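Commentary on secondary and tertiary structure
Take a look at the letters that make up each chain.
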Amino acid sequence: MTAKHLDYHQFGWNICASMTDAQNNTLAFFFGIEYVKDVGYRGGVGFSDSEDGFKWSGFTTTDLETTTNPWSAKLTSSDLPGMFVKMELTSGLMGSADAVITLTADVIDLYGKNLKVDVRLRDPYGAINQGYGTTSMYPHYLTEAQRTAIMALPEKTIGAYLIATRDPMDYQGAYYYALPLMDVEQFTINYDDVTLGGTSGKSWMDYFVKSYNETSIQMQAGSRWDWIAIQLPDINTAINVLKISSSVSATLPYARLFHTDGERTKNGAYKAAHSWALDEITIEPVPGSEWTSLSGQKYYMQFRIKLESATKPGDLTVTTLRNNQTVILPEGSNYQGLGTVEGTLGGQAVHGQCWVEVQPVGL
């Protein structure tokens, strides 16, 4: 999780967090460093504390500076000297419990305003295999033959299919890990000479490595996704929920649960404690919850997640924290921000928080 994987087409670290400042206001925060082959490295940082939307900045550069002791990864703007985003492991081992990660940045946004951040995260839990097996393979689509084989198995899960067939699923997705329950120990955000700070919050970090070929590009034509990273800190539980749709392949839903009592694979990361079968997962927007952005795009602000299971049934309602949390990226705009989670899991009432990433209605 700390190496440059330049033999792949993409890799990177993406961090999203809920932070509570000294006035008890909740902030949405994100930070990212990614590599895209033939494009270079891109870094970004931003936060939102009101309906005014995100204050953020990003840039692309040609090199990623790294150190090994302590490990760090830093992007520096070639256009504006002194502008940077940096991620540093200040204690412990990446992916292991009690590791401490510091995020710093000094950037200028599109309005010429300075944004500086200093965030310290502690991981009390450790890494999870968002995907399957020791390599944590996370397919982004299934062929018709693969889906038919999965649905013929008693479990009807991708994990059971991979155990039964050893299908490598080359180029079908990402090797995908996460740090799902990190604590925000301290943060300072200075924007336009106004400083916000606090000592509490929760963060989720995704780490991925992927490559693609002509077939995988064709199979993901027109892809869109709705991703909900659920944190239930009261029961030390995280649930990764994702629905991927495309114009070529059938919709692929995921819902996988992780907690501190889970088993581990050989790489030391946690296995999913429960994976719902493909036909047990329903992720749907709530009609009437639409919000329209200034650009005219509509987004759903509430989702219902139904998880059928004899042992771990779930019925969860996700509600976004505030309307205006859209982000404009090179691949287009989407909605990324905080939400609340209420409902039942395994017959017990649960409540928590989540990070929501969804596409505009109609795309």
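Attention in this report is confined to the structure presented alongside it.

Further remarks concern the overall build of the protein chain. In terms of helices and strands, the protein chain carries three helices and 26 strands. Taking 21 Å as the expected radius of gyration for a compact globule of 363 residues, we find that the protein chain reaches 20 Å, a close match to that expectation. Projecting the C-alpha coordinates of the protein chain onto the three principal axes gives extents of approximately 60 × 45 × 40 Å. Within the protein chain, the fraction of its 363 residues that count as buried is 52%. Expressed as a percentage of contacts within the protein chain between residues at least 6 apart in sequence, the contacts between residues at least 24 apart total 55%. Entry remark: accessible area of the protein chain is about 16,000 Å², with carbon and sulfur atoms responsible for 49%. Positive and negative side-chain charges of the protein chain, numbering 26 and 39 respectively, have mean locations separated by a distance of 3 Å.

A few words now on the pairing of strand S17 (residues 252-259). Most of S17 is tucked away, with seven of its eight residues classed as buried. Judged from the eight bridges that link them, strand S16 (residues 237-245) and S17 form a sheet pairing that is antiparallel. If you follow Ile239 over to S17, its bridge partner there is Leu257. The loop that links S16 with its antiparallel partner S17 comprises six residues. Taken together, the two bridges between S17 and strand S18 (residues 274-275) define a ladder with antiparallel strand orientation.

Scanning the model with the defined rule gives 12 salt bridges in all. Here Glu263 ties to Lys271 by a salt bridge, and the two come within 3.7 Å at their closest N and O atoms. For Lys271, a relative accessible area of 34% translates into the label partly exposed. The structure contains a network of salt bridges with shared partners spanning Arg120, Arg122 and Glu185.

The nonpolar side chains of a soluble globular protein tend to be buried, and buried together. Ranked by size, the top nonpolar core spans 45 residues in total, and within it Phe29 and Met87 carry the most contacts. Discounting residues that sit within four places of it in the chain, Phe29 has contacts with Ile15, Cys16, Ala17, Met19, Val45, Gly46, Phe47, Leu103, Val117, Val119, Ile189 and Trp355. In terms of nonpolar packing, the next biggest core, distinct from the first, is built from 34 residues, Ala28, Ala178, Trp227 and Val327 among them.

With that settled, the discussion passes to unusual backbone geometry. Residues Asn69 and Pro70 are joined by a peptide bond in cis, for which omega reads 5°. Inspection of the secondary structure puts Pro70 in the loop between strand S5 (65-68) and strand S6 (71-76). Located in the positive-phi region is Met169, a residue other than glycine, with phi close to 50°. Structurally, Met169 is set in the loop between helix H2 (158-165) and strand S12 (173-191). The residue Asp193 is not glycine, and still its phi comes out positive at about 70°.

Topologically, Tyr191 is positioned in strand S12. Classification of Tyr191 as buried rests on a relative accessible area of 12%. Spatially, the C-alpha atoms of Tyr191 and Gly46 are 10.0 Å apart, while their sequence positions differ by 145 residues. Other than its neighbours up to four places away in sequence, Tyr191 contacts Phe47, Lys55, Asp109, Lys113, Asn114 and Leu115. At a separation of 2.6 Å, a polar atom in the side chain of Tyr191 contacts the side chain of Asp109.

To continue, consider the packing of aromatic side chains. Considering all chains together, one arrives at 17 aromatic pairs under this definition. Judged by centre distance (5.9 Å) and plane angle (90°), the rings of Phe11 and Trp13 are edge-to-face. Comparing Phe11 with Trp13, the two get one shared label, buried. Look at Tyr35 and Tyr41: their rings are 5.1 Å apart centre to centre, the planes differ by 50°, and that puts the pair in the tilted class. The two residues Tyr35 and Tyr41 agree in class, both being buried. Here the aromatic cluster, defined as three or more aromatic residues joined through ring pairs, consists of Phe11, Trp13, Tyr35, Tyr41, Trp71 and Tyr207. The residue whose ring lies beneath Arg256 is Tyr132, and the NZ or CZ to ring-centre distance is 4.0 Å. We note Arg264 situated over the ring of Tyr270; from NZ or CZ to the ring centre the distance is 4.1 Å.

Now for the pairing of strand S14 (residues 200-210). Taking burial as the measure, the 11 residues of S14 include nine buried ones, the bulk of the element. Where strand S1 (residues 10-20) and S14 come together, 11 bridges link them in antiparallel fashion. Residue Met19 lies in a different strand from S14, and its bridge partner there is Gly201. When S12 meets S14, the two strands line up antiparallel, connected through eight bridges. Looking across to S14, one finds that Tyr175 is bridged to Val209.

About the thresholds
- Residues numbered from 1 in each chain as written.
- Predicted model: local features only at pLDDT ≥ 70, side-chain atom pairs only at ≥ 80, totals over all residues.
- Heavy atoms only, no water.
- Helix = DSSP H or I, 4+ residues; strand = E, 2+ residues; numbered from the N terminus.
- Rg over C-alpha atoms; globule rule 2.2 N^0.38 Å.
- Buried < 20%, exposed > 50% of the residue type's maximum accessible area, 1.4 Å probe, protein only.
- Contact = heavy atoms within 4.5 Å.
- Areas by Shrake-Rupley, 256 points an atom, 1.4 Å probe, with all protein chains shown as cover.
- Lys, Arg positive; Asp, Glu negative; His and termini not counted.
- Charge placed at Lys NZ, Arg CZ, Asp CG, Glu CD.
- Pairing = 2+ DSSP bridges.
- Salt bridge = Lys/Arg side-chain N within 4 Å of Asp/Glu carboxyl O.
- Core = buried A, V, L, I, M, F, W, Y, C linked by side-chain atoms within 4.5 Å.
- Polar contact = N/O pair within 3.5 Å; in protein donor to acceptor, adjacent residues only side chain to side chain.
- Phe/Tyr/Trp six-rings, centres within 6.5 Å; stacked < 30°, edge-to-face > 60°.
- Lys NZ or Arg CZ within 6 Å of the ring centre and 35° of its normal.

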